[in-house]
Amino acid sequence: TNAPKSIIVIFGATGDLANRKLYPSIYRLYRNKELSEDFAVIGVARRPLTNDEFRSNVRKSVNHFEDEKVDHDTFASHFHYHPFDVTDLKSYQRLNDLISTLDVEYRTEGNRIFYLAMAPNFFGTIAANLKSEGLTTTKGWSRLVIEKPFGHNFESARELNDQIRQAFTEDQIYRIDHYLGKEMVQNIEVIRFANAIFEPLWNNQFISNIQITSSETLGVEDRGRYYESSGALRDMVQNHILQMMALLAMEPPIKLTTDEIRSEKVKVLRALRSITEEKVDKYFVRGQYDRGTVDGNEINAYRDSNSVDPHSNTETFVSGKLLIDNFRWAGVPFYIRTGKRMKQKSTEIVIQFKDLPMNLYYDKGENIHPNLLVIHIQPDEGVTLHLNAKKGDYSSTSTPIQLSYNNNSNDKMNTPEAYEVLLYDCMRGDSTNFTHWDEVALSWKYVDIISNAWENKSSDQFPNYESGSNGPKDSDDLLEKDGFHWWSVT
Ligand code: BG6
């Protein structure tokens, strides 16, 4: 078969990401026969585990799949454990020996993926040691998959990038942004470029504004330590939100190749109008959650969470107005918002079209409803087009109607998981849905100005939104100033 063959080395094999996302994704690929029997996973972490203990963890992480066809023990037998000390070169040599043995056993033709699913402070060291100890020299291919956070700002991202680039070429590096693996995020391009009715309108003549919302109900859970030094801007905007924005705003690529698509996305990021530190408050709003009620549960304030400073100045909510200075988008605001402990878990994009030049159906002060195209990323996956039609009465007024397509009513079970798609892409050598260094660099440069402004001047209003709400009032004002409002469409 053409199923990719590879050894997958997962650093951070006992961690949350590996257990919650990676093992289940590998399982699904295996079950769907996208993986042949010719693969092995080497779990690497500090803890001394035996192969048996590791395999039993892996089985636990997939035991919610009850497929008759797949024998969980056979699946788990592909997993091997390697206890490891990041700074000890002998650890790498032994790992190399293990890879070579398994390569023969599983006929993986020298192909190896190094997946760094762990705390980022060792990314650089690991990459350097992999190279110096010869692990990147192979008769097949070797690739590096790297999880976020990719740096803390532009400077640290560049340092990290320089380090990993000494061991891997840009082509070998797969920087994960798991939003790019989501079915409906991938659909943005298809909706835009496969439909004659949208692309001609996709510009500042016909679009009034675009809104991207990614709200969560969860708080920081047990990630307080990481989140305290990150905040919503670095955690969500620098990566996921700007990536979605690039896909919404980019020019049609010449071809659907990795390079063509990436270069169009890069152009969008280059055209982002950067704001000065003094003007940040005009364009961006930050928030931090207070106590409140989410899904019927009483929730503590962010400042009362584990590993969080009781006077923390970290934002758990961001909204902002971004402008793209190019011919297509001049004058069209892109509004974004994301936050934790909000009313609902939902990621959605709303494209609001401009009003008609004249409203024939204007009736008793009622405004005509603008046309909206809504792309539902999650939890619902689909598209809704908001139109106006005749009201079923004797008057000549119009009424809003909706055309909806819901992707997951068909067979939700089979929508692939983001991580599954991305792992598979990596194994096939397709890096289209990973972020190129140029995108990372430009995104950090944009975001750094905002985080600097916020770090230099702490908020005297935190906490400023109740858990279970839609964020601080300033976020609504941001749009009202422009004569718009957030569409809450779910
Ligand atoms: C991660 C962030 O990148 O994305 C998390 O670090 C956030 O803080 C998560 O919760 C959201 O992902 P999703 O797929 O649940 O929208």
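Since the model is a prediction, treat every value here as computed from it, not as a measurement.

(A) Spotlight on the UniProt feature "domain: Glucose-6-phosphate dehydrogenase NAD-binding" (unreviewed entry) in the protein chain. Listed under "domain: Glucose-6-phosphate dehydrogenase NAD-binding" (unreviewed entry) in the UniProt record, and renumbered for this structure, are residues 9–187. In this annotation, residues 9–187 is assigned 44% helix and 16% strand; the end-to-end C-alpha distance for the span is 30 Å.

(B) Region of interest: the packing of aromatic side chains. The final tally for this structure, using the stated rule, is 25 aromatic pairs. Considering the side-chain rings of tyrosine 27 and phenylalanine 75, the 5.1 Å spacing of their centres and the 85° angle between planes classify their relative orientation as edge-to-face. Of this pair, tyrosine 27 sits in helix α1 (residues 16–31) while phenylalanine 75 sits in helix α3 (residues 72–76), placing them 48 residues apart in sequence. Taken individually, tyrosine 27 and phenylalanine 75 each receive the classification buried, so the pair is uniform in this respect. Joined through ring pairs, the aromatic side chains of Tyr23, Tyr27, Tyr30, Phe39, Phe54, Phe65, Phe75, Phe79 and Tyr81 make up one cluster. We note arginine 143 situated over the ring of tryptophan 141; from NZ or CZ to the ring centre the distance is 3.6 Å.

(C) Up close: the sheet that holds strand β4 (residues 112–116). Spatially, six strands are ordered β3-β2-β1-β4-β5-β6 in an open sheet, and the strand pairing comes out parallel. Only two strands of the sheet have a single neighbouring strand rather than two, namely β3 (79–83) and β6 (173–175). Each adjacent strand pair in this sheet contributes to an overall mean axis angle of 20°, direction not counted. As paired elements, strand β2 (residues 39–45) and β3 share five bridges and run parallel to each other. Directly across from alanine 45, in β3, lies its bridge partner proline 83.

(D) Quick look at a nonpolar patch on the surface. Taken together, Met358, Leu360 and Tyr361 make up a surface patch of nonpolar side chains, about 360 Å² in accessible area. With respect to the helices, strands and loops of the structure, leucine 360 is situated in the loop between β13 (346–353) and β14 (372–378). Taking the relative accessible area as the measure of exposure, leucine 360 reaches 61% and is therefore exposed.

(E) Summary view of the environment of asparagine 121. Structurally, the position occupied by asparagine 121 is in the loop between β4 and α5 (123–132). When the C-alpha atoms of asparagine 121 and proline 149 are compared, they prove to be 9.9 Å apart, with 28 residues separating the residues in sequence.

(F) Region of interest: the site of the ligand. Lining the immediate surroundings of the ligand are Lys148, His178, Tyr179, Lys182, Glu216, Arg223, Asp235, Met236, His240, Lys340, Lys345 and Gln378. For the ligand, whose unbound accessible area comes to 400 Å², protein coverage reaches 81%. It is helix α8 (residues 224–249) that provides the largest number of residues to the shell around the ligand, a total of three residues. A per-class count over the shell around the ligand returns two nonpolar, three polar and seven charged.

(G) A look at the pattern of salt bridges. Under the defined criterion, the tally for this structure stands at 24 salt bridges. For the salt bridge of lysine 5 with aspartate 38, the shortest nitrogen-to-oxygen distance reads 2.6 Å. One end of the pair, lysine 5, is in the segment before β1 (6–11); the other, aspartate 38, is in the loop between α1 and β2, with 33 residues separating them in the sequence. Residue lysine 5 is classed as partly exposed on the basis of its relative accessible area of 21%. Aspartate 38 sits in the buried class, given a relative accessible area of 8%. Where glutamate 439 meets lysine 265, a salt bridge forms, and the shortest distance between an N and an O atom there is 3.1 Å. Here the residue glutamate 439 occupies a position in helix α13 (residues 437–456), and lysine 265 occupies one in helix α9 (residues 258–271), the gap between them amounting to 174 residues. The two residues glutamate 439 and lysine 265 agree in class, both being buried. In this structure, a network of salt bridges that share partners links the residues Arg192, Glu199, Glu251 and Arg328.

(H) Spatial organisation of the confidence of the model for the protein chain. Scored by pLDDT, the protein chain has a mean of 94; 97% of the residues are at 70 or more. Scoring of the predicted complex yields 0.96 for pTM and 0.99 for ipTM.

Cut-offs and rules
- Throughout this description, residue numbers start from 1 for each chain and increase along the sequence as written.
- Residues qualify for local features only when their pLDDT is at least 70, as the model is predicted, and side-chain atom pairs are given and counted only at 80 or more; totals for whole chains, interfaces and linings, by contrast, use all residues.
- Side-chain numbers come from the whole structure's heavy atoms, not from hydrogens or water.
- UniProt positions are given in the numbering used here, feature names are shortened, and annotations may be inferred rather than shown by experiment.
- Strands are runs of DSSP state E lasting at least two residues, helices are runs of H or I lasting at least four, and both sets are numbered from the N terminus onward.
- Each pair of aromatic rings taken from Phe, Tyr and Trp, with Trp reduced to its six-membered ring, is defined by centres within 6.5 Å and is described as stacked if the planes are under 30 degrees apart, edge-to-face if over 60, and tilted in the remaining cases.
- A 1.4 Å probe rolled over the protein chains alone gives each residue an accessible area, and that area as a share of the maximum for its type sets the label: buried under 20%, exposed over 50%, partly exposed in between.
- Should the NZ of a Lys or the CZ of an Arg lie within 6 Å of a ring centre and within 35 degrees of the ring normal, that charge is described as sitting over the ring.
- Following DSSP output, two strands are said to pair if at least two bridges run between them.
- Angles run from 0 to 180 degrees between N-to-C directions of axes, and those axes are lines fitted to C-alpha atoms, restricted for helices to the stretch in contact.
- Only residues whose relative accessible area exceeds 30% and that form no salt bridge are eligible for patches; like-charged ones are grouped when within 9 Å, while nonpolar side chains (Val, Leu, Ile, Met, Phe, Trp, Tyr) are grouped when within 5 Å.
- What sets the accessible areas is the Shrake-Rupley method with a 1.4 Å probe; for residues, cover comes only from the shown protein chains.
- By convention in these notes, a salt bridge is any Lys or Arg side-chain nitrogen within 4 Å of a carboxyl oxygen on Asp or Glu.
- One heavy atom within 4 Å of a molecule or strand makes the whole residue count as near it.
- Classification convention: Asp, Glu, Lys, Arg as charged; Ala, Val, Leu, Ile, Met, Phe, Trp, Tyr, Cys, Pro as nonpolar; all other residues, Gly among them, as polar.
- Confidence of the predictor at the level of single residues is captured by pLDDT, which takes values from 0 to 100.

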